[in-house]
Amino acid sequence: MSDRAVLHVKGRVLAGPDDVRDELWVVGGRISYERPAGAREVRTVEGWALPGLVDAHCHVGLDAHGPVDAETAEKQARTDREAGTLLIRDAGSPSDTRWIDDRDDLPKIIRAGRHIARTRRYIRNYAWEIEPDDLVAYVAREARRGDGWVKLVGDWIDRDLGDLSPCWPREAVEAAIAEAHRLGARVTAHCFAESSLRDLVEAGIDCIEHATGLTEDLVPLFAERGVALVPTLVNIATFPRLADGGDHKFPRWSAHMRRLHERRYDTVRGAYDAGIPVYVGTDAGGSLAHGLVAGEVAELVKAGIPPVEALSATSWGARAWLGRPGLEEGAPADLVVYEADPRADVRVLAAPRRVVLNGHVVE
């Protein structure tokens, strides 16, 4: 489609969960709800249109061993795009993927810079591995390099303890989060276990990734502070396999991981019921494949979140949380078209009919 061509999307346009319109037009790569005058070249796409999906925990430029080359990163981004994911919050990567910003055929990325972890307390080749005295300086560095987010590793296995434990003392995270906020960045943290959560939330953190350790006594604190959750249930599904691998060397850790897995749906539903914001993230790019966003939405529904709310967690609500537009007048035309109404059955998300990115239909 040439730059002068017009795209006509008709059928049902889900500009919001209850804002259903009959059509929209794409002119110069942007959305219009007014028919353009004098359009010569018009392509029509029919179906149910949603804003481009959001994966709020994804890693482009990373695999199980660390940073990857540009060709592999491009393949990862394309896989996400084909699944309908057109906006990614990259929750930590050691690769420089800024070149993707110059490509109008690849998803838009909001970067959290590189993970910041305690020395020898995270996956090798992923993070800056530092001690608490350096945390503020590294958070400031990643706040300046990222796109408004910083990613901490809040807990990890302590080999001496043989189980998960917090990575940072309270005073260190308080100072680090305050510095990030001073620089205009929000902070999120990887947390599997229970023990790191209170300190991080009371220190002012904005989001927790995974949050399998969220307990009933902590739920009111999260709700009061408005701390968001990105549960990554498709990743939590791997906990039993990880636990099996650690039975001999770290039996305490393995048993803990199994308990966290067993209560995962109750944890997510309890958070949602308390009014804690929950968003879709897959944790793709480490050991998980890309393109799993539909599966994560289905997992949220399985946990007990109403389908329309689970859909919002990867579309309208997620985009608002990240400060990016949806299907608004004048917004970049990033949308996905489906055969049927995804509000009625979120499984529809697994089979996009058409993907439109920056106004171009992805073939």
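Check the entry above for the structure.
**Q** Before we move on, can you summarise the pairing of strand β4 (residues 42–51) with the specific residues and values?
**A** Relative to β4, strand β1 (residues 6–14) runs parallel, the two being bridged by eight bridges. Within β4, the residue paired with Leu7 across the bridge is Arg43. By the bridge criterion, four bridges tie β4 to strand β18 (residues 335–338) in an arrangement that is antiparallel. In the strand pairing of β18, Trp48 is matched with Tyr338.

**Q** Describe the packing of aromatic side chains, listing the residues and the values that go with them.
**A** Tallied over the full model, the rule gives seven aromatic pairs. Judged by centre distance (4.8 Å) and plane angle (75°), the ring pair of Tyr122 and Trp156 falls under edge-to-face. Separated by 34 residues along the polypeptide, Tyr122 in the loop between β10 (116–118) and β11 (128–130) and Trp156 in strand β13 (residues 155–158) bring together distant segments of the chain. As far as the burial class goes, Tyr122 and Trp156 line up, both buried. Between Trp128 and Tyr138, the aromatic rings sit 5.9 Å apart at their centres with planes inclined by 55°, giving tilted as the arrangement.

**Q** Tell me what's going on with the sheet that holds strand β5 (residues 53–58), and back it up with residues and numbers.
**A** The pairing of strands in a sheet comes from backbone hydrogen bonds and takes either a parallel or an antiparallel form. Ordered in space as β5-β8-β9, the three strands form an open sheet in which the pairing is parallel. A strand with exactly one partner marks an edge of an open sheet, and here the two such strands are β5 and β9 (108–111). Recorded for the sheet is a direction-independent mean angle of 20° between the axes of neighbouring strands. Where strand β8 (residues 85–90) and β9 come together, four bridges link them in parallel fashion. Residue pairing in the sheet places Ile88 in a bridge with Ile109 of β9.

**Q** Now, about the nonpolar core: what can you tell me, with residues and values included?
**A** If you look at the biggest cluster of nonpolar residues, it comprises 79 residues, and the most contacted ones within it are Leu135, Ile205, Ile208, Leu214, Phe222 and Leu300. Sorting elements by how many residues they give to this core places helix α3 (residues 170–182) first, with five residues. Contacts of Phe222, omitting those with residues within four sequence positions, involve Leu197, Val201, Ile208, Leu214, Val227, Leu229 and Ile276. By size, the runner-up hydrophobic cluster in this structure holds 16 residues, among which are Leu24, Val26, Leu327 and Val337.

How each quantity is defined
- Residues numbered from 1 in each chain as written.
- Predicted model: local features only at pLDDT ≥ 70, side-chain atom pairs only at ≥ 80, totals over all residues.
- Heavy atoms only, no water.
- Pairing = 2+ DSSP bridges.
- Helix = DSSP H or I, 4+ residues; strand = E, 2+ residues; numbered from the N terminus.
- Phe/Tyr/Trp six-rings, centres within 6.5 Å; stacked < 30°, edge-to-face > 60°.
- Buried < 20%, exposed > 50% of the residue type's maximum accessible area, 1.4 Å probe, protein only.
- Axes fitted to C-alpha atoms, helices over the stretch in contact; angles between N-to-C directions.
- Core = buried A, V, L, I, M, F, W, Y, C linked by side-chain atoms within 4.5 Å.
- Contact = heavy atoms within 4.5 Å.

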